[in-house]
Amino acid sequence: MKSFWPPTPRSMSLWALLSVIANAGITVTGAAVRVTGSGLGCPTWPRCTPDSFVPVAHPEHSWVNMGIEFGNRLLTFLVLAVAMICVLTAIRMAPRRRDLVRLAWVQPAGVVAQALWGGLVVRSALNPVTVSMHFLISIGLTAACWLLYARSREGDGPARAVVHRDIRRLGHVLLAAVAVLLVAGVVVTGTGPHSGDALASRFDFDIETVARLHADIVYVVVGLTFALLFALHVTGAPKPARAAAVGLLVIELAQGVIGYTQYFLAVPAFLVGLHVLGATVVWIGALRVVTSLRVRDEVPAEAQGASAAAVPLPH
């Protein structure tokens, strides 16, 4: 228990990592709701049915679909609980770090916002715009959780680059490209099958066109990742940065195999869910790459401002 309470940087880091996992997990289970046709298993919100907060017999929805959708709703409380523990841990840490407290508060606020948006998804009968935003909000929240994790493993000094400025910029371009890739992915998903329910509408795009556009962006992302990895190697960048870039490239290649396989097999539901998992892991991998390109050192209060070795960087 000593490593958990009173809170220490180690316990803060652990809870932040659990928050990353929890948010990634509920993103994937949300996809499972859709590919199993359970998107309207609970046809109302916040109740599951018009008369009950929990699943009850409903003439238009099977118990299986209701159970899957209701189970995903319950997971929100688990994610919220982890988020609140992160907040309490950040507040009770000694010495308290304001940056960690601010990042920790983003999590419960994001979970609540995501839950409210989930209600809009149900009330809009799974409109593809609301469904797409539901996924993208989860991606944004995952980014906040990862940043809390990364910052909890660092000191509270100013950011110090461990690679050349241009390499760091390349890392940011890569992260932006991955974000564009995720947006293109939800457009493909919102155009293709597995809408979540027979009543759900779809984007009025040509599936071949958006799928090819998505694939083109994949090539750009993989190319940028390879370029970054090459730059890190030839400049002798620290091992954690090179390992993060290698890991991201491996994940991208595996995700590409899944993507092409699901396309040629007419998009089976299982592979769609696996592809969403891969997309989430690619995003986390890209965040890991960017945060590996700089460090923050511990700076004692009496020594703040005295270190000339640190090169201030944007937060």
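Residues numbered from 1 in each chain as written. Predicted model: local features only at pLDDT ≥ 70, side-chain atom pairs only at ≥ 80, totals over all residues. Heavy atoms only, no water.

A. Focus on the overall build of the protein chain. When its secondary structure is counted, the protein chain shows eight helices and two strands. In summary, the protein chain has a C-alpha radius of gyration of 21 Å against a globular reference of 20 Å for 315 residues, a match within 12%. For the protein chain, the C-alpha atoms occupy an extent of roughly 70 × 45 × 30 Å along the three principal directions. Looking at the 315 residues of the protein chain, the share that counts as buried comes to 46%. Considering only contacts within the protein chain whose residues lie at least 6 apart along the sequence, 75% involve residues at least 24 apart. For the protein chain, the exposed area adds up to about 16,100 Å²; of that, 70% sits on carbon and sulfur atoms. One way to put it: in the protein chain the 24 positive side-chain charges average out to a point 11 Å from where the 16 negative ones average out. (Helix = DSSP H or I, 4+ residues; strand = E, 2+ residues; numbered from the N terminus. Rg over C-alpha atoms; globule rule 2.2 N^0.38 Å. Buried < 20%, exposed > 50% of the residue type's maximum accessible area, 1.4 Å probe, protein only. Contact = heavy atoms within 4.5 Å. Areas by Shrake-Rupley, 256 points an atom, 1.4 Å probe, with all protein chains shown as cover. Lys, Arg positive; Asp, Glu negative; His and termini not counted. Charge placed at Lys NZ, Arg CZ, Asp CG, Glu CD.)

B. The arrangement of the nonpolar core in detail. Counting residues in each nonpolar core, the largest one holds 56 residues, and the members touching the most others are Leu 148, Leu 232 and Trp 283. Listed by contribution, the elements that provide at least two residues to this core are helix H1 (9–35), helix H2 (63–92), helix H3 (98–123), helix H4 (128–152), helix H5 (165–191), helix H6 (207–234), helix H7 (239–264) and helix H8 (269–291). Apart from residues lying up to four places away in sequence, Trp 283 is in contact with Ile 139, Thr 142, Ala 143, Leu 175, Val 178, Ala 179 and Leu 182. (Core = buried A, V, L, I, M, F, W, Y, C linked by side-chain atoms within 4.5 Å.)

C. Looking closely at H3. Spanning 26 residues, H3 covers 38 Å between terminal C-alpha atoms, matching the ideal 38 Å at 1.5 Å per step. Backbone geometry just downstream of H3 places Ala 125 in the positive-phi region, at approximately 55°. (Expected span 1.5 Å × (residues − 1).)

D. Local environment of unusual backbone geometry. In the segment running from Trp 45 into Pro 46, the intervening peptide bond is cis, with an omega of 10°. Positive phi values are uncommon outside glycine, yet Ala 125 reaches one of about 55°. Along the chain, Ala 125 turns up in the loop between H3 and H4. Residue Val 267 is not a glycine yet carries a positive backbone phi of 55°. Relative to the assigned elements, Val 267 resides in the loop between H7 and H8.

E. Focus on the pattern of salt bridges. This model, assessed by the stated rule, comprises nine salt bridges. Here the salt bridges do not stand alone but share partners, grouping Arg 97, Asp 99, Arg 151, Glu 154, Arg 294 and Arg 296 into one network. (Salt bridge = Lys/Arg side-chain N within 4 Å of Asp/Glu carboxyl O.)

F. Region of interest: the state of the cysteines. All chains considered together, the criterion is met by one disulfide. At a sulfur-sulfur separation of 2.1 Å, the disulfide partner of Cys 42 is Cys 48. Around the S-S axis, the bridge from Cys 42 to Cys 48 shows a dihedral of about -75° and counts as left-handed. By relative accessible area, Cys 48 is classed as buried at 0%. No disulfide involves Cys 86; its nearest neighbouring cysteine sulfur is the one of Cys 145, lying 7.0 Å away. Among the residues examined, Cys 86 registers a relative accessible area of 0% and is labelled buried. For Cys 145, a relative accessible area of 0% translates into the label buried. (Disulfide = S-S within 2.5 Å.)

G. Examining the packing of H1 against H2 more closely. Across the interface, H1 lies against H2 with an axial gap of 9 Å and an inter-helix angle of 165°. What the angle tells us is that H1 and H2 run roughly antiparallel. Our pair here, H1 against H2, has a crossing hand that is left-handed. In this structure, H1 contributes Ser 11, Met 12, Trp 15, Ala 16, Leu 18, Ser 19, Ala 22, Asn 23, Ile 26, Thr 29, Gly 30 and Val 33 to the contact, and H2 contributes Ile 68, Glu 69, Asn 72, Leu 75, Thr 76, Val 79, Val 82, Ile 85, Cys 86, Thr 89 and Ala 90. Considering only residue class, the contact of H1 with H2 consists of 14 nonpolar, eight polar and one charged. (Axes fitted to C-alpha atoms, helices over the stretch in contact; angles between N-to-C directions. Parallel < 35°, antiparallel > 145°, perpendicular 65-115°, else oblique. Left-handed = near helix turned anticlockwise from the far one by under 90°. Nonpolar A, V, L, I, M, F, W, Y, C, P; charged D, E, K, R; others polar.)

H. How the structure looks around the environment of Val 246. Structurally, Val 246 is set in helix H7. Remark: the alpha-carbon pair of Val 246 and Arg 169, spanning 77 residues in sequence, is separated by 18 Å.

I. A look at the packing of aromatic side chains. Counted under the stated rule, the structure contains four aromatic pairs. An angle of 55° between the planes, with centres 5.1 Å apart, marks the rings of Trp 146 and Tyr 149 as tilted. Taken together, the residues span about one helical turn, with Trp 146 and Tyr 149 both in helix H4 at a distance of three residues. The pair formed by Trp 146 and Tyr 149 is uniform in burial state, with each residue classed as buried. Geometrically, the ring pair formed by Tyr 263 and Phe 264 is edge-to-face, given 5.4 Å between the ring centres and 80° between the ring planes. Among the aromatic residues, ring-to-ring pairing joins Tyr 260, Tyr 263 and Phe 264 into one connected group. (Phe/Tyr/Trp six-rings, centres within 6.5 Å; stacked < 30°, edge-to-face > 60°.)

J. Looking closely at the packing of H1 against H8. For the pair H1 and H8, interaxial distance at closest approach is 9 Å and the crossing angle is 155°. Judged by the inter-axis angle, H1 sits roughly antiparallel to H8. Where H1 crosses over H8, the two elements pack in a sense that is right-handed. Residues Val 20, Ala 24, Thr 27, Val 28, Ala 31, Arg 34 and Val 35 of H1 lie in contact with H8, whose contacting residues are Ala 269, Val 272, Gly 273, Val 276, Leu 277, Thr 280 and Ile 284.

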